[in-house]
Every structure is written in C-alpha cells, then in structure tokens.
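If you want the building blocks of each chain, they are given just below.
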Amino acid sequence: MLNAFPIYHWFHNGNPYSGSEKGMRYVITPGKKADPADESGKRKIEFLTVTIWPGPWSIEHTAEDKLQSAEFEGSQAGLDAAVAWLREQYEADVPRWTNIPSILDCEPDR
C-alpha cells in the first residue's frame with residue numbers, strides 16, 4: 001500500500017519496512033555511512049535505500065536484474081521523497097506490476 005508508511009523515527013531506530021502494491025514489492029532499509037564533510041571519519045550520516053522488484057517471489061528469490069534501487073537522505077524529507085519515488089515507479093509501468101504470474105505457476109529466479 002503506497003499511502004501508509006511509518007514516520008522517519010521508525011527508520012532512525014534501524015528498522016526496515018517492506019510491503020507491496022499489486023505486484024510491486026518494495027523494501028525501505030535504513031543505513032549509515034561516513035560523513036564526507038568529517039575528515040576524521042567518525043561522524044555518520046543516515047540514509048534510506050529503497051529497492052523494488054516484481055512479485056511473486058521475495059527479494060532473495062528474484063533475479064538481480066529485476067531489482068531497482070534508489071538512495072535518499074535519512075530524514076522525514078528523504079522518506080517523503082522515497083515514497084514519491086515508489087509512487088512514480090509504480091505509475092510509470094503499471095503493466096509490469098499488474099501482470100504478475102501466480103506463485104503456483106512459476107519458479108524462483110534464483
């Protein structure tokens with residue numbers, strides 16, 4: 001469902017969030033990396049990685065070439081941008097997400 005997401009605090013605490021919209025599967029994963037403005041390398045900045053793929057299988061059983069990812073800043077504004085990106089990806093290729101075979105009619109990609 002592309003209209004119900006937790007607030008950024010959920011991700012700030014290190015929790016991923018996954019879901020689906022029709023046949024589009026997605027996961028939003030928080031992460032931390034070194035701040036390029038900090039020469040000591042001790043300070044970290046938060047970011048979000050959003051990955052989408054077509055169903056019916058989980059990300060672990062879907063071929064790498066079917067996965068799409070984007071990175072966003074670790075903030076509520078970044079989360080809002082990530083959600084907007086998810087919506088854009090869904091709307092840009094609705095047939096890709098709605099013409100998904102049944103899990104009973106296909107094999108995993110990997």
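Here, every reference points to the structure presented above.
Below or above, wherever it landed, is the structure these notes cover. Worth saying up front: this structure is predicted, and the values here are computed from it rather than measured.

1. Focus on the environment of Ser 58
With respect to the helices and strands, the residue Ser 58 is situated in the loop between strand E3 (44–54) and strand E4 (68–73). Spatially, the C-alpha atoms of Ser 58 and Ile 45 are 29 Å apart, while their sequence positions differ by 13 residues. Within the local environment of Ser 58, its side chain forms a polar contact with the side chain of Glu 60, the two groups lying 3.0 Å apart.

2. Here we look at the nonpolar core
Membership of the largest hydrophobic core comes to 18 residues, with the highest contact counts inside it found for Met 24 and Leu 86. Every element with two or more residues in this core is listed here: helix H1 (8–12), strand E2 (24–34), E3, E4 and helix H2 (76–92). Counting residues per element, this core draws most heavily on H2, at 6 residues. Excluding residues within four positions of it along the chain, Leu 86 makes contact with Leu 2, Phe 5, Met 24, Tyr 26, Ile 28, Val 50 and Ile 52.

3. Description of the side chain of Thr 62
Locating Thr 62 in the fold gives a position in the loop between E3 and E4. When neighbours within four sequence positions are excluded, Thr 62 is seen to be in contact with Trp 53, Pro 54, Trp 57, Leu 67, Asp 109 and Arg 110.

4. Some details on H2
The terminal C-alpha atoms of H2, which comprises 17 residues, lie 24 Å apart, in line with the 24 Å expected from a rise of 1.5 Å per residue. Every buried residue belonging to H2 is among Gly 78, Leu 79, Ala 82, Val 83, Trp 85, Leu 86, Gln 89 and Tyr 90, and all of these are buried. End-on view of H2: buried residues confined to an arc of 155 degrees, all on one side of the axis. For H2, the exposed residues set more than 90 degrees away from the buried face come down to Glu 91 and Ala 92. Buried residues along H2 sit against H1, strand E1 (17–21), E2, E3, E4 and helix H3 (94–98).

So, how was this worked out
Residues numbered from 1 in each chain as written. Predicted model: local features only at pLDDT ≥ 70, side-chain atom pairs only at ≥ 80, totals over all residues. Heavy atoms only, no water. Helix = DSSP H or I, 4+ residues; strand = E, 2+ residues; numbered from the N terminus. Polar contact = N/O pair within 3.5 Å; in protein donor to acceptor, adjacent residues only side chain to side chain. Core = buried A, V, L, I, M, F, W, Y, C linked by side-chain atoms within 4.5 Å. Buried < 20%, exposed > 50% of the residue type's maximum accessible area, 1.4 Å probe, protein only. Contact = heavy atoms within 4.5 Å. Expected span 1.5 Å × (residues − 1). Arc of directions from axis to C-beta.

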